[in-house]
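# A structural walkthrough
What follows is the residue order along each chain.
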Amino acid sequence: MLNLPVLRWGKPYDSLDKDTVTHFATGEPIAKVSQANRGLIERDMRSAHKAREILRAIPVADLISRIKKAADLYESATLPMGDGQQSPEDFARQQSSSTGLPEHMCRMNMPKNSFVLRNIDKILDCLTRGLDLNILTKGYGVESRGVTVSYQAQAPVLCAVLPSNSPGVHTLWLPAIPLQLGLVLKPGPQEPWTPYRMHAAFTAAGIPGEVWSIFPGGPEAGAAVLATASRAMIFGGTATVEQYKGNPRVQAHGPGFSKILIGDDEVDNWEKHLDLMCESIYINSGRGCINCSGIWASRHTNEIATAIADRLGPIEVKPPTDPQAGLAAFTIPGQAKAVWGMIETDLKESGVTDLTSKYGPRLVEAERCAYIRPTIVHCDTPEAAIAKKEYMFPFSTVVKCPQGEMLAKIGPTLVGTIITSDEKFKAECTEATHIDRLNLGPLPTTRLNWLQPHEGNIIDFLFRNRALQTA
Amino acid sequence: MTLVETATPAEMKSRAQAAQDQLDKHAVETIQWHFHDSTGSPFWLEKKRGLKFDPLKNVKCFADIQKFPLFEDDWLRGGPISRWIPKGLAGKPTYVFETGGTTGIPKSRMVIEDHWTDYENFSATLPDKYFPKGSNWLMLGPSGPRRLRLAVEHLAQHRGGICFCIDLDPRWVVKLIKKGWMEHLEAYKDHCIDQVLSILSAGHDIKCMFTTPKLLEALCTKLEKQGKTFKDTGITGIFSGGTEFTPQFTRFCIEEYFGGSPEESGIYMTPTYGNTLMGLACSKPVGAADGYKITYYAPQPRAVIEVVDFDDPLKVVPYGDSGRVKLTTLTKELFVPGFLERDEGEREQPYAKYPWDGISGVKPWRGIAATTTVGVY
């Protein structure tokens, strides 16, 4: 069994307080993870400025080339992991066994992270709109067009309180180091793997280890990180997002409520888009905030829902090691049952129909975990309570709604795929401030272009574009 | 660690037997007091009528207390509070201390002098080197209807000192947490710590303090932000308590806040486990040698802690096993038979200074751990 220490600016610290990460299906212990206490975090955060000082002493171009090397190491090398070693295969197996995601999905997610690292120069170029990155190092400089600009870092480190259930979110904090900000991560209790492996890859690639801290722990550790951070990301539910709303220090990432809107001009061709609808709902076991949880159209909604249900409804639970496994387990005891209970309540509403029920029970309970099989629900009206829901498995509603009312009724939408050639509808969607990422045209909600910002531009979050004049 | 007391197995056996004999005798005396018509409290005399045995005749040792049904904490909610006053103590000045009460009716415990006695006994366990007699104290913890403030103040006075107190309302803290008003929580904590720093800077020669782990952490953090350390406060003895008093917390304090073991830093911290019903369970000295393990021993014979099976509260678990904390309180002011606490831990072997069962790894009982707010101050 592996022992993962707290990392205090790169130095391993073996805490007396340890959490055991276990296999979701067998209960077998996989790792003991040292837990950071609040005082330790608060104490260490007082030295956060050193991380930025260390990174500012390394030219950005050097950091970028080291990070590209880290991409290869992360994806292919056997790296130190606590008191042991970890190959990429070990990583996929361990991540699967603690998070409940099938192994092949864990393997598939690795290249996403390494892609971001390998293309970090292009990503930063896009996010900064072509800014000379040395201006970020110095704090100001003159752009090629002869204008003096200043970008002031708002924190010496980026902190992140990470989730257990969505390995995809790690791409969001990866740009911090090349921006010469240190990293302070509080991993999700069941997913310590990516932060530690990333730290090992960065260190092996020549990034000083002391610009990282990894503070595993319970909710109190997360609270300590957030309380001491000048800039932090947190991942949670709607309540978390509400709690940090308007707090400039915290970027809260919650449920996505991502949707596909089909315009009146395209809805008769809905069959052409069936693959993208299914992919948007089902890929990565529907766990991500970018997975589609609602398809909205003015007509053919019953046929659309039936066709998706016929495609996804028969999907069965398979062991996590099966390359065909498409469903992730709910690893928290009672969670799947509670989720299914909420869905059952909503299904009682008039005009709400589960079109997947004919393919057998959705809730599948095992000894130590549970699954919910894909569930496609048709709603006659956008007023149905279930039309505003999102769950962490392949779940979507198909909602009948006139095109003219859609934008007023969809609610917050992280990724909105708009399938239409109607320029007026496109323009309305472009103006809709409750859609974060807008896909114009038949693109799955789950296919992200990494050159685009995600839920706010990280440059705007970490730096302040302020006035600076020189005499 | 030099403060750890040891005994040979033969001595331990003899001390354990003496402690058991004393407990049996004390249990019988306590039952006679609480169930005799001339001295007992209205509450227990009323309960006696519903018992299937006569406590005055059938309790001949501590083990016989198992004949009573388990104590229900709801009995402590609501009045009249006077029903708990033993007739034998009627007319004495009486206090009421409360636990819980963030919402709804709090649990109330009637006290006359128990808190003084508990803390005088506890005083005898404190090393004078770090808790110098005659020095002044700081009480940084819950006040209001809690007994802690008066008890710590009495402890200071009993040791010849004067106690400075900082106000703290734990019910408001719980509300802030439940509402998610974390910035208000931080502000309230800062408000308390600012008062501490003012008092400590005022030249009152404070050398001892009571505080909770969270507030100690907050105090040390604030001091370090000012470029100081805990040592700069001049405090050499800390008495603290709560389920969040973990080995890791202790180690972190000793290694990083205090600057080393008591011998190196001159600062000694002793954890305690207690509440309004029990009094104070003392800890075996804690140090690096045994991995900062914290083992508590109830203040026998006035109170007894048993670590019992989660499903069968009449069955004590084997040494080293986990179980729920069952408390029996046996003072002249209060009799509490078999009260299942909201904590669990591992049963520990007797220790030379406290030759009866102990408990380590105390944490919230798994039955409520996910739903309760612990360690709020």
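These figures come from a predicted structure and were not determined experimentally. (Residues numbered from 1 in each chain as written. Chains lettered and ligands numbered in written order. Predicted model: local features only at pLDDT ≥ 70, side-chain atom pairs only at ≥ 80, totals over all residues.)

### Thoughts on the overall build of chain A
Helix and strand content of chain A: 16 helices and 24 strands. Its C-alpha atoms give chain A a radius of gyration of 23 Å, near enough to 23 Å, the size a compact globule of 471 residues would have. Here the C-alpha coordinates of chain A stretch approximately 65 × 60 × 35 Å along the principal axes. Long-range contacts, defined here as pairs at least 24 residues apart, represent 72% of the contacts in chain A between residues at least 6 apart. (Helix = DSSP H or I, 4+ residues; strand = E, 2+ residues; numbered from the N terminus. Rg over C-alpha atoms; globule rule 2.2 N^0.38 Å. Contact = placed C-beta atoms within 7 Å.)

### Concerning the overall build of chain B
A count of helices and strands for chain B gives 10 helices and 13 strands. The C-alpha radius of gyration computed for chain B amounts to 21 Å, which stays within 12% of the reference 21 Å derived for 377 residues, consistent with globular compactness. By principal-axis analysis of the C-alpha atoms, chain B measures approximately 65 × 50 × 40 Å. With 377 residues in all, chain B has 42% of them scored as buried. Residue pairs at least 24 apart in sequence account for 66% of intrachain contacts in chain B once pairs closer than 6 positions are excluded. (Buried ≥ 20, exposed ≤ 12 C-beta atoms within 10 Å, placed from the backbone.)

### Here we look at the environment of A:K318
Residue and element names in this part refer to chain A. With respect to the secondary-structure elements, K318 resides in the loop between α12 (301–312) and α13 (335–347). In the structure, K318 is positioned 72 residues away from E390 in sequence and 23 Å away in space, judged by C-alpha atoms. With residues up to four places along the chain from it excluded, the contact list for K318 reads Q324 and A325.

### Thoughts on the packing of helix α1 (residues 38–45) of chain A against helix α9 (residues 219–228) of chain A
Residues and elements named next belong to chain A. At their nearest, the axes of α1 and α9 sit 9 Å apart, and the two run at 25 degrees to each other. Judged on the interaxial angle alone, α9 and α1 are roughly parallel. For α1 against α9, the interelement crossing comes out right-handed. Residues R38, I41, E42 and M45 of α1 touch α9, and the partners they reach there are E220, A221, A224, V225 and T228. In the contact of α1 with α9, the residues fall into 5 nonpolar, 1 polar and 3 charged. (Axes fitted to C-alpha atoms, helices over the stretch in contact; angles between N-to-C directions. Parallel < 35°, antiparallel > 145°, perpendicular 65-115°, else oblique. Left-handed = near helix turned anticlockwise from the far one by under 90°. Nonpolar A, V, L, I, M, F, W, Y, C, P; charged D, E, K, R; others polar.)

### Some words on the interface of chain A and chain B
At the interface, 13 residues of chain A touch 16 residues of chain B. Elements that contribute at least two residues to the side of chain A that touches chain B include exactly α1 and α9 of chain A. Element by element, the count of residues in the side of chain A that touches chain B is highest for α1(A), at 5 residues. Taken together, the residues of the side of chain A that touches chain B break down into 4 nonpolar, 4 polar and 5 charged.

### A short note on the packing of helix α11 (residues 274–282) of chain A against α12(A)
Residues and elements named next belong to chain A. Remark: α11 packs on α12, axes separated minimally by 10 Å, with the N-to-C direction vectors making an angle of 60 degrees. Accordingly, the angle class assigned to the pair α11 and α12 is oblique. Of the two possible hands of crossing, α11 and α12 adopt the one that is right-handed. For the pair α11 and α12, contact is made by L274, M277, C278, I281 and Y282 and by A307, I308, R311 and L312, respectively. Classifying every residue of the contact of α11 with α12 by side-chain character gives 8 nonpolar, no polar and 1 charged.

### Remarks on the sheet that holds strand β15 (residues 258–262) of chain A
All names here are of chain A. The strand order β17-β20-β21-β16-β15-β22-β23 describes an open sheet built from 7 strands, whose pairing is mixed. If you trace the sheet from one side to the other, it starts and ends with β17 (352–354) and β23 (435–440), each paired once. When strand polarity is set aside, the average angle formed by the axes of neighbouring strands in this sheet is 20 degrees. Pairing of β17 with strand β20 (residues 375–379) involves 3 bridges; the strand directions are antiparallel. Paired with D354 across the strands is V377, a residue of β20. α11 contacts β15, β16 (292–297) and β21 (395–400) of the sheet and is inclined by roughly 150 degrees relative to β16. Against the sheet, helix α15 (residues 423–431) engages β22 (413–419) and β23, with an angle of about 155 degrees to β23. (Pairing = 2+ DSSP bridges.)

### Details of the environment of B:D54
Mapping B:D54 onto the fold places it in the loop between α2 (42–48) and α3 (55–58). When the C-alpha positions of B:D54 and B:F35 are compared, they lie 9.0 Å apart, and in sequence the two are 19 residues distant.

### Points about the domain arrangement of chain A
All names here are of chain A. Segmenting chain A into domains produces domain 1 (2–254 + 453–466) and domain 2 (258–440). Of note, the centres of domain 1 and domain 2, computed from C-alpha atoms alone, are 31 Å apart. Taken together, the contacts link 18 residues of domain 1 with 20 residues of domain 2. Those elements that provide at least two residues to the side of domain 1 that touches domain 2 are α4 (88–99) and α5 (103–118). A per-class count over the side of domain 1 that touches domain 2 returns 5 nonpolar, 11 polar and 2 charged. (Domains from an automatic or database assignment.)

### Re the nonpolar core
The biggest cluster of nonpolar side chains holds 180 residues, and the ones touching the most others in it are A:A70, A:L158, A:L183, A:V225, A:A232 and B:W137. It is helix α3 (residues 60–76) of chain A that contributes the most residues to this core, 7 residues altogether. Counting residues domain by domain, this core receives three or more from each of domain 1 (2–254 + 453–466) and domain 2 (258–440) of chain A. With sequence-adjacent residues up to four places away left out, A:A232 is seen in contact with A:C159, A:A160, A:V161, A:V225, A:L226, A:R249 and A:V250. Of all hydrophobic cores here, the second largest spans 37 residues; its members include A:W270, A:I304, A:I410 and A:F425. (Core = buried A, V, L, I, M, F, W, Y, C linked by C-beta atoms within 7 Å.)

### Examining the sheet that holds strand β1 (residues 2–4) of chain A
Residues and elements named next belong to chain A. The strand order β1-β5-β4 describes an open sheet built from 3 strands, whose pairing is mixed. Each end of this open sheet is capped by a strand with a single partner; those strands are β1 and β4 (18–22). Mean inter-strand twist for the sheet, computed between neighbouring axes without regard to direction, equals 25 degrees. Here 3 bridges tie β1 to strand β5 (residues 29–34), and the two strands are oriented parallel to one another. When the bridges of β5 are listed, L4 appears paired with V33.

### As for the confidence of the model for chain B
This prediction gives chain B a mean pLDDT of 93; 97% of its residues lie at or above 70. As scored by the predictor, the complex reaches a pTM of 0.90 and an ipTM of 0.85. (pLDDT = per-residue confidence, 0-100.)

### So, the environment of B:E264
Among the secondary structure elements, B:E264 is positioned in helix α10 (residues 262–265). The exposed category is assigned to B:E264, around which 10 C-beta atoms lie within 10 Å.

### Examining α13(A)
All names here are of chain A. Compared with an ideal rise of 1.5 Å per residue, which puts 13 residues at 18 Å, α13 spans 18 Å between its outermost C-alpha atoms and is within 8% of the ideal. Listing the buried residues of α13 in full gives A336, V339 and W340. In an axial view of α13, the angular spread of the buried residues amounts to 95 degrees, which keeps them on one side of the axis. Turned more than 90 degrees away from the buried face of α13 sit A338, G341 and T345, all of them exposed. Tucked into the core, α13 has its buried residues touching β18 (363–365) and β19 (370–372). (Expected span 1.5 Å × (residues − 1). Arc of directions from axis to C-beta.)

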